[in-house]
Amino acid sequence: MSENLRYWLWLQRALGEGAHINKIISDFGSVDNLYNSNIIEWRMSSALTSKQINKLEQTDINTVDEIIYTCEENGWSIIDFDDIRYPQRLREICNPPCVLYVDGQLPDIDNLAVIGIVGTRKAGDYAIKVAHIMSRGITECGALVVSGGALGVDTAAHKGALTDGGKTVAVLGCGLGTSYLNENKSLRDVIRNNGALVTEYPPFTRASRTTFPLRNRIISGLSVGVLVVEAGVKSGSLITANFALEQGRDVFAVPSSILSVDYAGTNKLIEDGAIVATNPLQIVSTYSERFSTIDVSKARRVEELLTDSTHLSANVTPTKDNLAFENMEESRAQRAEHQKQMLSLTGDLRIVYNALDESFNHIDAVIEKSGLTGQRVIAAITQLEIMGLAESASGKRYKLS
């Protein structure tokens, strides 16, 4: 964190998430100069409205100390706008977040080809498979996949990126520590251990229908390109695509059936000039000269990726109740799917699954019981977590989910 952290937190509390701060900071030179200016200087600035000035005046900077303490207690990082870890790519959008709250380790965003993958929560089987194999193929070539951690396409994208030990970033529409979307808790745990959970919302901020559109600008802001897999004409995914265009990012779209009126948004994007994407190579080759981390020789055909991914289940088709912002019990269909996955395990996955039990055990105990090498056990546990069959706790402890 930078020495200006408290000022950035104060500014965010005063103006709220999504405020256009670049012009304000440009006028005052720095956030600490803004804080130390008097109300007359604030009123002289064309960057501040009367409403914003009132909020700045009424916000006590000492209230941010509780946020800092909470994050320290939970092991969460706060990356403010002046922090060297703050992605330059994100600084350049018109309304960058004052701070990012991070659970995990944020990858080196500016030196990676970051691809945002978005789509509907109510995804069909086609979209689930496409999001998974595109994400897996993109990650295998050295790119980083960012998505929103929601059900449907988001979940499939994260799981595809994690499949072979890859990393991914989930940008959340709520604060860290909330119980939003318990169905995806095990997935968020895996993402935290193999990438990062990121949000601009203070800890324990509940999700709402207003937080997600703002979240979408961060997904596109971190990315060099955004892939839309399946989306309705008025969906949040198209909001992300519009942000991407405004921010000068590339927009890719996977064609949908012309008979599917519900998901005509991607075809509309293509009509409007989005780049058609039918395999991972089309996307990563766009950035192979710009980023040394991209290796197009590792690109695999869709048929090969699809065959290699049949053992994974996205577990992401939501019901109406799944889409509410409350905790919901796992549905009967999900439990049946869980059982089906367990019975389909083979090889290392079956061995490690049998080495786990209902209580948390240290990884060393699991390794000893399985008889496999540590590397093979960790790889298998990661897969089991992605499938929702295992879960982790602090201290490298694991148990059956």
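Values in this document were obtained by computation on a predicted structure and should not be read as measured data. (Residues numbered from 1 in each chain as written. Predicted model: local features only at pLDDT ≥ 70, side-chain atom pairs only at ≥ 80, totals over all residues. Heavy atoms only, no water.)

**Quick look at the overall build of the chain**
So the rule is basically this: Helix and strand definitions follow DSSP, with helices as H or I runs of at least four residues and strands as E runs of at least two, each counted in order from the N terminus. Radius of gyration here is computed from C-alpha atoms only, and the compact-globule reference equals 2.2 Å multiplied by the residue count raised to the power 0.38. Contacts were defined at the residue level, with two residues in contact if any of their heavy atoms lie within 4.5 Å.
The secondary structure content of the chain amounts to 19 helices and 12 strands. Computed over C-alpha atoms, the radius of gyration of the chain comes to 22 Å, within 12% of the 21 Å expected from 2.2 N^0.38 for 401 residues, which places it in the range of a compact globule. Dimensions along the principal axes, computed over C-alpha positions, put the chain at roughly 70 × 50 × 45 Å. Counting contacts in the chain only where the partners sit at least 6 residues apart, residues at least 24 apart contribute 71% of the total.

**What about the sheet that holds strand β9 (residues 275-276)?**
Note the threshold: Paired strands, as defined in this entry, are two strands with at least two bridges between them according to DSSP.
Pairing is mixed in the open sheet, where 9 strands are placed in the order β1-β2-β6-β5-β4-β3-β7-β8-β9. Where the open sheet ends on each side, the last strands, each with one partner, are β1 (77-80) and β9. By the bridge criterion, 3 bridges tie strand β4 (residues 144-147) to strand β5 (residues 168-171) in an arrangement that is parallel. By the bridge assignment for β5, V145 is matched with T168.

**A closer look at the sheet that holds strand β12 (residues 397-400)**
Taken together, the 3 strands give an open sheet; going across it, the order is β10-β12-β11, and neighbouring strands pair in antiparallel fashion. Sheet topology places β10 (361-362) and β11 (390-393) at the edges, where each strand pairs with a single neighbour. Examined bridge by bridge, β10 and β12 share 2 bridges and lie antiparallel to one another. Counted as the bridge partner of H362 is R397 from β12.

**Section: the packing of helix α8 (residues 125-140) against helix α9 (residues 153-162)**
Put simply, the rule is: Axis definition: a line fit to C-alpha positions, over the contact stretch in the case of helices; interaxial angles, taken between N-to-C directions, run 0 to 180 degrees. With the far helix as reference, a near helix turned anticlockwise by less than a right angle produces a left-handed crossing, and one turned clockwise produces a right-handed crossing.
Orientation of α8 relative to α9, taken along the N-to-C sense of each, is 35°, at an axis distance of 7 Å. The handedness of the crossing between α8 and α9 is right-handed. Between α8 and α9, the residues in contact are A127, I128, A131, H132, S135, R136 and T139 and V153, A156, A157, K159, G160 and A161, respectively.

**Quick notes on the packing of aromatic side chains**
Quick reminder of the rule: Here is the rule: rings of Phe, Tyr and Trp (six-membered ring for Trp) pair when centre to centre is within 6.5 Å. Planes less than 30 degrees apart are stacked, more than 60 are edge-to-face, and the remainder are tilted. In this scheme, a residue with accessible area under 20% of its type's maximum is buried, one over 50% is exposed, and one in between is partly exposed, where area comes from a 1.4 Å probe on protein chains only.
If you walk through the whole model with that rule in mind, you get 7 aromatic pairs. Judged by centre distance (5.2 Å) and plane angle (40°), the ring pair of Y7 and Y35 falls under tilted. With a gap of 28 residues between them, Y7 in helix α1 (residues 5-15) and Y35 in helix α3 (residues 31-36) connect regions that are remote in the sequence. Take Y7: its relative accessible area is 21%, and that puts it in the partly exposed class.

**Considerations on the side chain of T155**
Applicable threshold: What qualifies as a polar contact is a pair of N or O atoms within 3.5 Å, subject to a donor-acceptor requirement within protein and to the restriction that residues adjacent in sequence count only when both atoms come from side chains.
Examined against the element boundaries, T155 turns out to sit in helix α9. Only 2.6 Å separates the side chain of T155 from the backbone oxygen of A150, close enough to count as a polar contact.

**Focus: the pattern of salt bridges**
So the rule is basically this: For this document, the term salt bridge refers to a Lys or Arg side-chain nitrogen within 4 Å of an Asp or Glu carboxyl oxygen.
On inspection of all chains with the given rule, the structure shows 14 salt bridges. Notably, a salt bridge pairs K185 with D189, separated by 3.1 Å at the nearest N-O pair. Separated by 4 residues within a single helix, K185 and D189 lie in helix α10 (residues 185-193), roughly one turn from each other. For D189, a relative accessible area of 7% puts it in the buried group. R217 is the partner of E200 in a salt bridge, and the nearest nitrogen-oxygen pair spans 2.6 Å. With E200 in the loop between β6 (195-199) and α11 (211-222) and R217 in helix α11, this residue pair connects regions lying 17 residues apart in the sequence. Looking at E200, the relative accessible area reads 1%, which means it is buried. Three or more residues joined by partner-sharing salt bridges are found here, namely R136, E140, D164, R300 and E304.

**Comments concerning α11**
Quick reminder of the rule: Helix span is expected to be 1.5 Å times the residue number reduced by one.
Helix length check: α11, at 12 residues, gives a terminal C-alpha distance of 17 Å against a target of 16 Å (1.5 Å per residue), a fit within 8%. Burial in α11 covers these residues: T211, F212, R215, N216, R217, I218, I219, S220, G221 and L222. Contact partners of the buried residues in α11: α7 (88-91), β3 (114-118), β4, β5, β7 (225-228) and α12 (236-246).

**Focus on the nonpolar core**
Our working definition: For our purposes a nonpolar core is just a set of buried Ala, Val, Leu, Ile, Met, Phe, Trp, Tyr and Cys residues, chained together by side-chain atoms within 4.5 Å.
Membership of the largest hydrophobic core comes to 75 residues, with the highest contact counts inside it found for W8, L9, L11, L34, L56 and I78. Broken down by element, this core gets its largest block of residues, 7 residues, from α1. Those residues in contact with L9, other than ones at most four positions away along the chain, are V64, I67, I68, I78, V99 and Y101. With 28 residues, the next largest nonpolar core counts I115, V130, V254 and I283 among its residues.

**Quick notes on the packing of α10 against helix α19 (residues 374-386)**
Contact geometry of α10 with α19 gives a least axis separation of 8 Å together with a crossing angle of 145°. Between α10 and α19, the residues in contact are S186, D189 and V190 and T382, E385 and I386, respectively.

**Let's talk about the confidence of the model for the chain**
Any residue range with low pLDDT should be treated as having predicted coordinates unsuitable for detailed reading. Rules: The pLDDT value tells you how sure the predictor is about a given residue, anywhere from 0 up to 100.
Confidence in the prediction of the chain, expressed as mean pLDDT, is 87, and 91% of residues score 70 or more. Between residues 311-332, whose pLDDT stays under 50, and residues either more than four places distant or in other chains, the model counts 45 contacts.

**Considering the state of the cysteines**
Operational definition: When the sulfur atoms of two cysteines come within 2.5 Å, that pair is taken as a disulfide.
Summed over all chains, the structure comprises 0 disulfides. The thiol of C71 is unpaired, and the distance to the nearest cysteine sulfur, on C174, comes to 14 Å. A relative accessible area of 1% places C71 in the buried class. Relative accessible area serves as the criterion here: at 4%, C174 is assigned to the buried category.

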